[in-house]
Amino acid sequence: MDVRLSPEQHALRDSVAQVVDRLGPKAVRQLDDPERAAKLDAAIAASGWRDLRAAEDGGQPLASGVEAAIVAEELGRGLVDAPFLGPTLSAELRRLAGAPLATGAETVLLARGLSSPVVAAALDGAVVLDGAVAIDAEGAGTALVLLAAGGGHMLAEVAVRPVDERTDLTRPTAVPSGTPAPLADQARVLTDHDVTSWTALGLALTCADLVGVMRGAVQLARDYAVDRRQYGAAIGSFQAVQHLLADAFVAMEGSRSVALHAAWAVDALPPDEALAAGALAKAYCARAARTVCETAVQVHGGIGNTWECLAHVFLRRALMSSDVLGGAGANLARVLDHHGIGSSR
Amino acid sequence: MNFGDSPDEAELRARLRAWLADNDPGLPASSTDDAYWRGQPAWHQALYDAGFFGMSWPKAIGGQELPSVFDVILDEELAAAGTPPRPSLGYLVQGILEHGNEDIQQRFLPGIVSGRERWCQGFSEPDAGSDLAALRTRADRDGDDYVLTGHKVWTSYSDDADWCLVLARTDHDVPKHKGISAFVVPMGQPGIEQRPLKMINGITKEFGEVIFDGARVPAANMIGAPGEGWPLAMTVVSHEREPGELGYVSRYKKVVKELATHVRANPEAYDAEQTRDLGWAIVEAEMLRLHVCRRLSDRLDGVSHGPEGSVDKLLMTQVEQAVGHAALGIGGTGHGDADDTALKVYLYSRAQSVMGGTSQIQRNLVARRILGLPA
Ligand SMILES: Cc1cc2nc3c(=O)[nH]c(=O)nc-3n(C[C@H](O)[C@H](O)[C@H](O)COP(=O)(O)OP(=O)(O)OC[C@H]3O[C@@H](n4cnc5c(N)ncnc54)[C@H](O)[C@@H]3O)c2cc1C
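Residues numbered from 1 in each chain as written. Chains lettered and ligands numbered in written order. Predicted model: local features only at pLDDT ≥ 70, side-chain atom pairs only at ≥ 80, totals over all residues. Heavy atoms only, no water.

Peer 1: Residue-level account of the overall build of chain A, with values.
Peer 2: For chain A, the count of helices and strands is nine helices and nine strands. Its C-alpha radius of gyration of 20 Å places chain A within 12% of the 20 Å reference for a compact globule of 345 residues. Across the 345 residues that make up chain A, the buried fraction comes to 58%. By element, 53% of the accessible surface of chain A is carried by carbon and sulfur atoms, the whole surface being about 13400 Å². Side chains of chain A carry 29 positive and 40 negative charges; the gap between the two charge centres is 6 Å. (Helix = DSSP H or I, 4+ residues; strand = E, 2+ residues; numbered from the N terminus. Rg over C-alpha atoms; globule rule 2.2 N^0.38 Å. Buried < 20%, exposed > 50% of the residue type's maximum accessible area, 1.4 Å probe, protein only. Areas by Shrake-Rupley, 256 points an atom, 1.4 Å probe, with all protein chains shown as cover. Lys, Arg positive; Asp, Glu negative; His and termini not counted. Charge placed at Lys NZ, Arg CZ, Asp CG, Glu CD.)

Laid out in structure tokens, this is it:
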């Protein structure tokens, strides 16, 4: 056992951090700067990070879940408003199905409430797609759907149209605007194991995003606590404020440990165990992230309750990442299930 | 980046598992039953003699100089086998290794590590708890000895101890942190009175009061130079905050495993709230195992101790108290003639946010030393 990051993984983290620090939104109004957002998107597209889970020649992913999680964490920390989670999850589905890379910007469709992938029973998916949401859909023209087929699943794609996303200000959603059509060139039917393994990746990446969001929120609140003065002193000198921030930092550290394991588990453990690791991490991170972001709002006082303060942007992003593939409650149920304990009366 | 076993680690795990299958001492938990301490020395010695305790420490003091990550495997297997945890005294070893000279290390560490000699830690006093540097126990030079006068309290395992690591004031004319020295004091002597204290869960072997009235300690038993007791104390308490040093993961995992077995056997008996508390206890205990993997992996770059110990102590406390709540919910409060073990586990868990420095003190340290917030 040695869970230190390798030098290459540290280098990856540094290069993502550089892009984020150069082009990420530093203030709420910068979310409305299309020129900055386009540059950020172009930098990420050029980096190849969205293809980390695309298939190599042998069908294995180009990089492990750990690398993908490193990227996700830095993007979360910097509130990056360019797609990563959606395209990465779509690339993973295509890899598992032995399908070629998407030609245009593509994401995945999740069922109403976002806690599970959409599974269409038939091609005429009009009914089942009701309430389905394409996540992280900035610029995406299509989203992938799982189609029940021959004891497993085939991939179908459906056109999506942007909607006015109200939760996450950094990652808009979209809704289906057509009927799913089977994807050409699928080499394999996806098994239940494949879907489990894909879910494990999704949980690991949303955990990493939440860890990043927590780091960003703690830093924002900590910096404000040093600057803001009341009663002739920095508010960060008051013990009540110090203890809120200390608890937030500790929650972030615990989250980091479970998230790292979930990311490793994606490729290192059998699918069921990878899912259990992801669910455990997600239950922990989702619970922690909401409290940590609420602390960031609280430490900012009145400012924290205004649209212009970044604290709510962190909180909103945390709510979205929590919902994707299930938050604390849904994943705690998965954990109990894994231990042979059903949710009872 | 690998949470899995290397070949050496897998070999250790297999050997350990086979050994544990034949060597469970069948003791009750230390936190719920005084009977534990009658069997604990033999358990410590057996674990050590079989090569499973103190694996990361220097060979010169009885260790094997293996990476500390091996201790994660030890904790996992102890929990899986349902045996008692490893002895939690690594913080004393780390403190003496860092601050003791060759002579002190050779005379004392092999006995601590092998479990042949029992130790306690006399830091806290009635008027010096969180504010430890306010301690008043004095050590006055008399020939080749120092003479101790003072009152220690909450001294864990003092009734069984052969030795006590005592902090005492040797210089009264310097600022309070500067006048403290550390001594290894032999316990079995007339000038020492030991009085057990009863914890809120009824056990009496956890801690006691120790009164020093004319007890003698050779000057050669001073660790470091006169006035250098404070840095030693800080090394000891910072390691005392590390779950990787204490080995508590196995203690928590063992309780969680037992609770899960109860619920699986009779799921109808538990409501959603009780089941959810168990779920969180599972999540918390596993978080701590993974966190310890992270911290002990970092030690592959060398042992250090800093304010991260306070982060770990706060995480460990959340775990112990979540496990305590799950135990209370599932095991019940022990009315009438029902078993009250779960109540004892729960009540004991309240001490975790006090011992080794309270949670408030840990938060102060995280805020100042890690987040850099102003005083
Ligand atoms: C089970 C157990 C085992 C122990 N074993 C040992 C041992 O082996 N050896 C040993 O030397 N000691 C031991 N201790 C003692 C322990 O270290 C002290 O109890 C602890 O440091 C707190 O000191 P105190 O009890 O005097 O509480 P106090 O310091 O009086 O604290 C009382 C309350 O005030 C709060 N408080 C105090 N100062 C501050 C501050 N600056 N900011 C915010 N809040 C503050 C505390 O958080 C606490 O809630 C043990 C304690 C327990 C419970």
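Peer 1: Help me get a handle on the overall build of chain B, residues and values and all.
Peer 2: From N to C terminus, chain B includes twelve helices and eight strands. Its C-alpha radius of gyration of 21 Å places chain B within 12% of the 21 Å reference for a compact globule of 375 residues. Across its three principal directions, the C-alpha atoms of chain B cover 70 × 50 × 45 Å. Here chain B holds 375 residues, and 57% of them are scored as buried. If you take every contact in chain B between residues at least 6 apart in sequence, the share linking residues at least 24 apart comes to 73%. Computed over 37 positive and 53 negative side-chain charges, the separation of the two mean positions in chain B equals 3 Å. (Contact = heavy atoms within 4.5 Å.)

Peer 1: Tell me about the interface of chain B and chain A, and name the residues and values.
Peer 2: Residue-level contacts link 53 residues of chain B with 44 residues of chain A. Between chain B and chain A, a total of about 4400 Å² is buried, with carbon and sulfur atoms accounting for 67% of that surface. At the junction of chain B and chain A, the tally comes to four salt bridges. A salt bridge links B:Glu284 to A:Arg287, with the shortest nitrogen-to-oxygen separation between them at 2.6 Å. Where chain B touches chain A, the interface holds 16 residue pairs in polar contact (both at pLDDT 80 or more). Mapped onto the side of chain B that touches chain A, the elements with two or more residues apiece are helix H8 (248-265), helix H9 (272-298), helix H10 (308-331) and helix H12 (359-370) of chain B. With 19 residues, H9(B) is the largest single contributor of residues to the side of chain B that touches chain A. Classifying every residue of the side of chain B that touches chain A gives 28 nonpolar, eleven polar and 14 charged. (Buried area = accessible area lost by both parts, 1.4 Å probe. Salt bridge = Lys/Arg side-chain N within 4 Å of Asp/Glu carboxyl O. Polar contact = N/O pair within 3.5 Å; in protein donor to acceptor, adjacent residues only side chain to side chain. Nonpolar A, V, L, I, M, F, W, Y, C, P; charged D, E, K, R; others polar.)

Peer 1: Give a description of the site of the ligand that names residues and reports values.
Peer 2: In the vicinity of the ligand there are 20 residues, among which B:Gln121, B:Ser124, B:Ser130, B:Trp154 and B:Thr358 approach most closely. At the ligand, the nearby residues belong to more than one chain, namely chains A and B. Within the side chain of A:Gln239, a nitrogen or oxygen atom sits 2.9 Å from a nitrogen atom of the ligand. One nitrogen or oxygen atom from the main chain of B:Gln121 is found 2.8 Å from a nitrogen atom belonging to the ligand. (Near = heavy atom within 4 Å.)

Peer 1: Let's hear about the pattern of salt bridges: which residues, and what values?
Peer 2: Under the criterion given, the structure shown has 52 salt bridges over all chains. Where A:Arg94 meets A:Glu106, a salt bridge forms, and the shortest distance between an N and an O atom there is 2.7 Å. Of this pair, A:Arg94 sits in helix H4 (residues 85-97) while A:Glu106 sits in strand E1 (residues 106-110), and the two are twelve residues apart along the sequence. Here A:Arg94 matches A:Glu106 in class, with each residue buried. Ionic pairing is found between B:Glu286 and B:Lys253, a salt bridge with its closest N-O pair at 2.4 Å. Remark: B:Lys253 occurs in helix H8 and B:Glu286 occurs in helix H9; sequence separation between them is 33 residues. Overall, B:Lys253 belongs to the partly exposed group, its relative accessible area being 23%. Overlapping salt bridges bring together A:Arg13, A:Asp21, A:Glu73, A:Glu74, A:Arg77, A:Arg215, A:Glu253, A:Arg256 and B:Arg294 as one network.

Peer 1: Pulling in residues and values, what's your account of the domain arrangement of chain B?
Peer 2: One frequent convention defines the size of an interface as the accessible area lost when the parts assemble. Residue and element names in this part refer to chain B. One can read the domain layout of chain B as domain 1 (7-87), domain 2 (118-226) and domain 3 (241-370). A C-alpha centroid distance of 20 Å is found between domain 1 and domain 3. Between domain 1 and domain 3, the residue contacts involve 18 residues of the former and 22 residues of the latter. Buried surface at the junction of domain 1 and domain 3, both sides included, amounts to about 1600 Å², of which 60% is carbon and sulfur. Remark: the boundary between domain 1 and domain 3 carries one salt bridge. Close ionic contact of Glu76 with Arg289 constitutes a salt bridge, the shortest N to O distance being 2.6 Å. Viewed at the interface, domain 3 and domain 1 are joined by five residue pairs in polar contact (both at pLDDT 80 or more). Of the residues that constitute the side of domain 1 that touches domain 3, the class distribution is nine nonpolar, five polar and four charged. (Domains from an automatic or database assignment.)

Peer 1: Quick one: what's the story with the packing of helix H7 (residues 271-299) of chain A against H9(B), residue by residue and with numbers?
Peer 2: Where H7(A) meets H9(B), the closest approach of the two axes is 10 Å, and the angle between their N-to-C directions is 95°. On the basis of the axis angle, H7(A) is roughly perpendicular to H9(B). Along its contact with H7(A), which presents A:Leu280, A:Ala283, A:Tyr284 and A:Arg287, the element H9(B) presents B:Trp280, B:Ile282, B:Val283, B:Glu284, B:Glu286 and B:Met287. For the contact of H7(A) with H9(B), the per-class residue count stands at seven nonpolar, no polar and three charged. (Axes fitted to C-alpha atoms, helices over the stretch in contact; angles between N-to-C directions. Parallel < 35°, antiparallel > 145°, perpendicular 65-115°, else oblique.)

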